[in-house]
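# Observations on the three-dimensional arrangement
Each chain, written out:
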Amino acid sequence: MGTTQFLFWFLSIIAIFSAIMVVVSKNPVHSVLWLIIVFFTISGHYILLNAQFLAIVNLIVYAGAIMVLFLFVIMLMNLNADTEPQKNKWLKMAGVIGGGALLLVLVAALKDADLKNQLAETGEGDIGLIRNLGIALFNDYVVPFEISSILFLSAMVGAVVIGKRE
Amino acid sequence: MSKFVYLVPLFPLIGFLINGLFRKKLSKSLTGVIGCGAILASFVVSLLIFLEARAPGFEPVIISLFDFIHTGTIDIAFAFQVDQLSVLFLLIITGVGFLIHVYSTSYMHEETGEHFARYFSYLNLFVFSMLLLVLGANYVILFIGWEGVGLCSYLLIGYWFKNIDYGYAARKAFVMNRIGDLGFLIALFWMLSQFGSVNFGEVFAKAPGTSVGVLTGITLLLFVGATGKSAQIPLYTWLPDAMAGPTPVSALIHAATMVTAGIYMIARSNILYTLAPVTQSVVAITGLATAILAATIALKQNDIKKVLAYSTVSQLGYMFLGLGVGAYTGAVFHVMTHAFFKALLFLGAGSVIHALHNEQDIRKMGGLKKYLPITHITFLLACLAIAGIPPFSGFFSKDEILAAAYAKNPLYYVIGVAGAMMTAFYMFRLYASAFLGNFRGAKEQEHHLHESPAAITIPLIILAIGAVAGGFLGIPEVMARDSHWLERFLAPVFSDSTKLATAHTTPASTEWMLMGVSVFLALVASVYAWTRFSKKPDLAEPHGLGKVLQNKWYVDELYDGLIVKPLNAFAKFLNNVVEKSIIDWMVNGVGKAVQYGSRQVRLLQSGQVGAYVLMMVVGMVILFLVQLLRK
Amino acid sequence: MGRLGGAAFMPINYYIFLAIALFCIGVAGVLTRRNAIIIFMCVELMLNAVNLLLVAFSKMHHLALKATNPNAGIDGQLFVFFIMVVAAAEVSVGLAIIAMLYRNTHSVDVNFLNRLKH
């Protein structure tokens, strides 16, 4: 098995395990931590695919900012394992079965997809470099870029308005 | 002039509209002028057309006004046919109609302005419908008029609508008419499918080539319609009840015109009937049976109008007998003379009723001879005419029918003469009870007895002239050669039938004998009735057969038990069981099911977000599955 | 940064299955948990699965169309960039709402929101 393959399987197994732990953990703080590990593994995948910019952004934005925000809120509400509300056993079963059914269907749908294409990793990966991404972003996608700044503005305003104490 | 024939029905139509729409605003005299004037104008036009039709070599004219029904292969035009038969009927309808309109202005003068106008508008509408009936160039226009007169009959019988019994009588007339109309309609449709057309010309041209079975069916169904309209067995019971309407209405509709619609229709379709001998026998036997049955009932009736009503049914039976034995001219002749003397009888009865302030029971009359001279004389002349005593009109027309009946089957003649004897008897019983002897009413009534005004007596006089002299239009062969003017006039209409019919030539001596026998028997019956009832009025309560006769052979009760009660029970059943339990249950059930279903579905909206998301995921899975499996 | 090692190839199917697995775990998490915050985190998990798949596809297209267009497949990665933008905005607003919810009901139980029933 080549390095790439080995790395792929390693990262994948950790990702899936951590994801399951996110869902299963009783303590919300644990869930957050497991999620952070998932993000790390996904960033590892990005690097494997030579999407370097995205890997770093993923870490900084997701693991760094968003998860920290989650932690803040959890800490603010003082949630721990005892205060965790318990769901009806049947609904839990239904949920799991629902998710499993979705998995099966999607796999069945896609397994025969005529994608014998393989993809390149590492070496051939100019498009993942920040320079190329930047050029493409500011040449072709400059309008969405500007609009996303407005999006942030509105999110900020919204968050403040919603969070205001009456 | 015949191209202006559309004016004839147009004038009464205008009269109907004006009197009907402005009934609250017109004065009574103006209403009377408009009503009578319309009919007078129609009479004048009819007269002019008649003069044109009298010229030898006159060909029937068809004037088409507009396309009535025009679909696919069916082409029915709103067209009028001017030929000898329709012209004759035009004269009868507008002439007698005009006299009755004039009579009504005096008879109905007690009504308020609005109702007075309503009466005249209905009367004009009736004349309009009747004119449509006789002028129509195809069976559909005939049927429109047919329906119209049925409607007007209902409106006029129930004219005094505040009395519920009159309303029931009107309803009875209408329903029985309708039953006949069903037969007529089926015949109409059959004709359409068989001949592809309902125009008289085309149907009569194609008739000889059609199978006898089909023709028998069509003619029988048409005859069913005629039994309803012209009050023959089994649909005659409405006519006596129709006497609930004002007397001029009884005179016009139920004596002179509407009830003759059936005769007209069969006379018009004479070729069809000649080609279907089975139906002819049915017509003759039904007519004869009705004539006898009605005559027996009239023997014991005490209401002056009821006697006349049953007399009408009986005389109509004679007319159908005439049609059934192929004496088409004779039947039409009898229609004409009957219009004169029956209208006269009714109008005279109206004069009597008016003088006695609405008394109609003959047991309470008597001795009116000296108080109502003109009414008395005219009534007597009419009785002589209807009894068939020469030289009055009834003798000539009735004799022609009886002679033809003898030629077909001597038994018809025998029964017919028996009926004629009864006719003479009950008519003179009526005359004697009303006009002879001593007055049997209340003293106060006696003081108020006086002859009716001119508007009433002048029509009586004119009709009396017709009843006396009308017979001379149809002098039979045996009396004077080639003097039967009516037969010559109507010959083109019945020519096809006369060609086909087996010529029965009875020797002249037999005819004289037939005439003599019938006249003699009629005289005997008349004199007997005259003498018996002038001395001693028929006041006793009848028993046995007399009671049965007075109760009209209990036919009404029979119909009630046999038809009306089961129908009502059936309707009640349908209402309670089918309507309430089944249909309502189903309709309400739909509502209940929807409510139940929505209540169940509502439970889905639990408010639990988790449940909603679950449903979303399940939906997605299903969608994917469907796509997957479709490949 | 330059290249990390030589070129190697992975069949795209593996990435597809991995992404599906992560996505479905996220779905199961949304359905199973009652804590609003955990549910939110599972949504983020799903978003990430999608991101991964997008990047994998972008590389696949790049490989296929490299000859004609050196920048083939770059759209996938840009799209991921924007997804992250939106996710960030969405998280901030969402957490503000959850904070509000906690302040009013002193619980983050999703079942408390059954006011939608009316």
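Residues numbered from 1 in each chain as written. Chains lettered and ligands numbered in written order. Predicted model: local features only at pLDDT ≥ 70, side-chain atom pairs only at ≥ 80, totals over all residues.

For chain B, the count of helices and strands is 25 helices and 2 strands. Taking contacts inside chain B between residues at least 6 apart in sequence as the whole, the part at least 24 apart equals 81%. (Helix = DSSP H or I, 4+ residues; strand = E, 2+ residues; numbered from the N terminus. Contact = placed C-beta atoms within 7 Å.)

In this section: the environment of A:Leu11. All names here are of chain A. Relative to the elements of secondary structure, Leu11 occurs in helix α1 (residues 3-24). For Leu11, a count of 19 C-beta atoms within 10 Å puts it in the partly exposed group. On a C-alpha basis, the gap between Leu11 and Thr41 in space is 5.6 Å, while along the polypeptide they are 30 residues apart. In this view, Leu11 contacts Thr41, Gly44 and His45; residues no more than four positions away in its chain are not counted. (Buried ≥ 20, exposed ≤ 12 C-beta atoms within 10 Å, placed from the backbone.)

Further remarks concern the interface of chain B and chain A. If you look at the interface, chain B gives 9 residues, while chain A gives 10 residues. Grouping the amino acids of the side of chain B that touches chain A by side-chain chemistry returns 8 nonpolar, 1 polar and no charged. (Nonpolar A, V, L, I, M, F, W, Y, C, P; charged D, E, K, R; others polar.)

A word on the nonpolar core. Judged by nonpolar contacts, the single largest core of 205 residues is most densely connected at B:Ala343, B:Leu344 and B:Ala382. In terms of residues, this core owes the most to one element, helix α15 (residues 328-355) of chain B, which gives 17 residues. Counting contributing residues, this core receives three or more from each of domain 1 (1-275) and domain 2 (281-543) of chain B. What B:Leu344 contacts, discounting residues up to four positions off in sequence, is B:Thr378, B:Ala382, B:Leu460, B:Leu463, B:Ala464 and B:Ala467. Ranked by size, the runner-up nonpolar core spans 80 residues in total, among them A:Tyr46, A:Ala55, C:Ile98 and C:Val108. (Core = buried A, V, L, I, M, F, W, Y, C linked by C-beta atoms within 7 Å. Domains from an automatic or database assignment.)

This part takes up the packing of helix α2 (residues 28-48) of chain A against helix α2 (residues 36-65) of chain C. It is the contact of α2(A) with α2(C), at a shortest axis distance of 11 Å, that shows an interaxial angle of 5°. As the angle between them shows, α2(A) and α2(C) are arranged roughly parallel. Only C:Ile37, C:Ile38, C:Met41, C:Leu45, C:Asn48, C:Leu52 and C:Val55 of α2(C) make contact with α2(A), whose side of the interface consists of A:Pro28, A:Ser31, A:Val32, A:Leu35, A:Val38, A:Phe39, A:Ile42, A:His45 and A:Tyr46. Here the contact of α2(A) with α2(C) is built from residues that sort into 13 nonpolar, 3 polar and no charged. (Axes fitted to C-alpha atoms, helices over the stretch in contact; angles between N-to-C directions. Parallel < 35°, antiparallel > 145°, perpendicular 65-115°, else oblique.)

Moving on, we come to the packing of helix α5 (residues 139-157) of chain B against helix α6 (residues 164-195) of chain B. All names here are of chain B. Taken N-terminus to C-terminus, the directions of α5 and α6 make an angle of 170°; their axes are 8 Å apart at the nearest point. Judged by the angle between their axes, α5 and α6 are roughly antiparallel. Contact residues: Tyr139, Phe143, Trp146, Glu147, Gly150, Ser153, Tyr154 and Ile157 in α5; Tyr166, Ala169, Ala170, Ala173, Phe174, Asn177, Asp181, Phe184, Leu188 and Met191 in α6. Residue composition of the contact of α5 with α6, grouped by class: 13 nonpolar, 3 polar and 2 charged.

Turning to the interface of chain A and chain C, a few remarks are in order. Residue-level contacts link 76 residues of chain A with 70 residues of chain C. Contributions of two or more residues to the side of chain A that touches chain C are made by α1, α2, α3 (52-77), α4 (89-111), β1 (118-120), α5 (130-140) and α6 (142-163) of chain A. Across the side of chain A that touches chain C, the residue classes tally to 49 nonpolar, 21 polar and 6 charged.

A separate point is the pairing of strand β2 (residues 74-82) of chain B. All names here are of chain B. Inspection of the sheet shows strand β1 (residues 61-71) paired to β2 by 9 bridges, in the antiparallel sense. When the bridges of β2 are listed, His70 appears paired with Asp75. Between the end of β1 and the start of β2, which pair antiparallel, lie 2 residues, with Gly72 showing a positive phi angle near 50°. (Pairing = 2+ DSSP bridges.)

To continue, consider the environment of B:Phe184. Residues and elements named next belong to chain B. Structurally, Phe184 can be placed in helix α6. Sequence-wise, Phe184 and Tyr139 are 45 residues apart; in three dimensions their C-alpha atoms are separated by 9.6 Å. Excluding anything up to four places from it in sequence, Phe184 contacts Phe143, Trp146, Leu221, Leu222 and Gly225.

Here chain A averages 84 in pLDDT, and 85% of its residues register 70 or above. When mean pLDDT is taken per element in chain A, α2(A) scores highest with 93 and β1(A) scores lowest with 64. (pLDDT = per-residue confidence, 0-100.)

Residue and element names in this part refer to chain B. Between Ile233 and the following residue, Pro234, the backbone shows a cis peptide bond with an omega angle of 0°. You can see Pro234 is positioned in the loop between α8 (212-229) and α9 (238-241). Look at the link from Pro390 to Pro391: it is a cis peptide, with omega at -5°. With respect to the helices, strands and loops of the structure, Pro391 is situated in the loop between α16 (373-387) and α17 (393-408).

Spanning 22 residues, α1(A) covers 32 Å between terminal C-alpha atoms, matching the ideal 32 Å at 1.5 Å per step. Turning to α1(A), its buried residues number three or more, namely A:Leu7, A:Phe8, A:Ala15, A:Ser18, A:Ala19, A:Val22 and A:Val23. Down the axis, α1(A) shows its buried residues gathered within 135° of arc, on one side only. Seen from the buried face of α1(A), the exposed residues on the opposite side, beyond 90 degrees, are A:Phe6, A:Phe10 and A:Ile13. Where the residues of α1(A) are buried, they touch α2 of chain A together with β1 (9-11), α1 (12-32) and α2 of chain C. (Expected span 1.5 Å × (residues − 1). Arc of directions from axis to C-beta.)

Take the environment of C:Tyr15 next. Residue and element names in this part refer to chain C. By the secondary structure assignment, Tyr15 is in helix α1. Since 23 C-beta atoms lie within 10 Å of it, Tyr15 is described here as buried. A C-alpha to C-alpha distance of 6.8 Å links Tyr15 and Ala56, two positions 41 residues apart in sequence. Once residues within four sequence positions are removed from consideration, Tyr15 is found in contact with Met10, Leu52, Leu53 and Ala56.

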